[in-house]
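Inside the fold
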Amino acid sequence: MRRMGFALGALLLAGCSRNANEVLDAWRAAGESPSGFTDVGEKLPGGRCQAGKVSGLEATVCLFDGAEQARKAEEAGWALIGDAVGSTVVSGTWVLVVADPRKEDPSGRRMNALVKAYQKKTR
């Protein structure tokens with residue numbers, strides 16, 4: 001009985017765990033092309049982050065334990081963007097930092113599409 005309870009608890013925890021792959025899948029479903037995403041640890045303080053490229057733009061997606069932690073990390077997200085065109089978007093316990101340092105999206109349409117798909121998935 002004890003083993004069954006442990007296995008059930010592990011299954012419940014695994015089912016509730018969330019990671020950046022959820023956002024990457026949402027982008028793929030929206031027709032975007034995420035690539036090269038790797039674990040970058042706490043790129044934003046307190047977050048579990050992955051960074052890579054999406055349709056030519058640089059993106060970092062971080063998951064936090066709580067919404068307050070995510071809001072506090074927003075300013076650090078702006079620092080990651082630096083002088084590039086970009087955006088930091090907090091949605092619940094998630095933070096997205098997206099930047100276009102090579103000016104590949106002059107109209108901002110791709111960046112807007114990424115943000116909308118991210119928000120839809122993380123709300």
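Computed from a predicted model, the values in this text were never measured in an experiment. (Residues numbered from 1 in each chain as written. Predicted model: local features only at pLDDT ≥ 70, side-chain atom pairs only at ≥ 80, totals over all residues. Heavy atoms only, no water.)

Section: the pairing of strand β5 (residues 94–100)
Going by this rule: Buried means the residue's accessible area, taken with a 1.4 Å probe over protein chains only, is under 20% of the maximum for its type, while exposed means over 50%, and partly exposed covers the values in between. Strands are runs of DSSP state E lasting at least 2 residues, helices are runs of H or I lasting at least 4, and numbering of each runs from the N terminus. At least two bridges found by DSSP between two strands is the condition for calling them paired.
Within β5, seven of the seven residues are buried, which leaves it mostly tucked inside the rest of the structure. Residues of β5 alternate between two faces, with W94, L96, V98 and D100 on one and V95, V97 and A99 on the opposite face, all of them buried. In terms of strand pairing, strand β3 (residues 57–63) meets β5 through six bridges, oriented antiparallel. From the neighbouring strand, A59 faces β5, where its bridge partner is V98. In this sheet, β5 lies alongside strand β4 (residues 85–91) in antiparallel orientation, the contact comprising seven bridges. Within β5, the position partnered with T88 by the bridge is V97.

Quick word on the nonpolar core
Filter applied, for reference: Joining through side-chain atoms within 4.5 Å is the link that ties buried Ala, Val, Leu, Ile, Met, Phe, Trp, Tyr and Cys residues into a set, and such a set is a nonpolar core. Any two residues whose heavy atoms approach within 4.5 Å at even a single point are treated as in contact.
Core analysis: the largest hydrophobic core is formed by 19 residues, its most contacted members being W27, F37, V61, L96 and Y118. Only α2 (21–29), β3, β5 and α4 (109–122) provide two or more residues apiece to this core. A per-element tally of this core places α4 first, with five residues. Setting aside residues up to four positions removed in sequence, L96 forms contacts with W27, A59, T60, V61, S87, T88, V89, V115 and Y118. Counting residues in hydrophobic clusters, the runner-up holds ten residues, among them C49, F64, I81 and A99.

Here's the deal with the side chain of T88
The condition is simple: Under the rule applied, a polar contact is a pair of N or O atoms within 3.5 Å (in protein, one hydrogen donor and one hydrogen acceptor; residues adjacent in sequence only if both atoms are side-chain atoms).
Along the chain, the position of T88 falls in strand β4. Here W78 takes part through its backbone nitrogen, which lies 3.4 Å from a polar atom of the side chain of T88. Here T88 is in contact with E74, G77, W78, I81, V95, L96 and V97, once residues within four sequence places are set aside.

Notes on unusual backbone geometry
In this structure, S55 is a non-glycine residue whose phi angle is positive, near 50°. On the secondary structure map, S55 appears in the loop between β2 (48–54) and β3.

Regarding the pattern of salt bridges
Going by this rule: Any Lys or Arg side-chain nitrogen found within 4 Å of a carboxyl oxygen on Asp or Glu counts as a salt bridge.
Summed over the entire model, instances satisfying the criterion amount to five salt bridges. A salt bridge links R28 to D25; its shortest N-O distance comes to 2.9 Å. Pair noted here: R28 and D25 are both in helix α2, with a separation of three residues, about one helical turn. Here R48 makes a salt bridge to D65, at a shortest N to O gap of 3.0 Å.

Focus: the sheet that holds β3
Condition: What counts as an axis is a line fitted to C-alpha atoms, over the stretch in contact for a helix, and the angles between N-to-C directions run from 0 to 180 degrees.
Taken in spatial order, the five strands line up as β1-β2-β3-β5-β4 in an open sheet, and their pairing is antiparallel. On the outer flanks of this sheet lie β1 (34–41) and β4, each paired with one strand and no other. Neighbour to neighbour, the strand axes of the sheet diverge by 15° on average, direction disregarded. The strands that helix α3 (residues 67–81) touches are β4 and β5; relative to β4, the one it contacts most, it runs at about 170°.

Notes on α2
Note the cut-off: It is the directions from the helix axis to the C-beta atoms whose arc is reported.
Of all the residues in α2, the buried ones are V23, L24, A26 and W27. The arc that holds the buried residues of α2, viewed along the axis, is 160°, so those residues lie on one side. Residues of α2 that are buried in the fold lie against β1, β2, β3, β5 and α4. A positive phi of about 90° marks G31, the residue just after α2.

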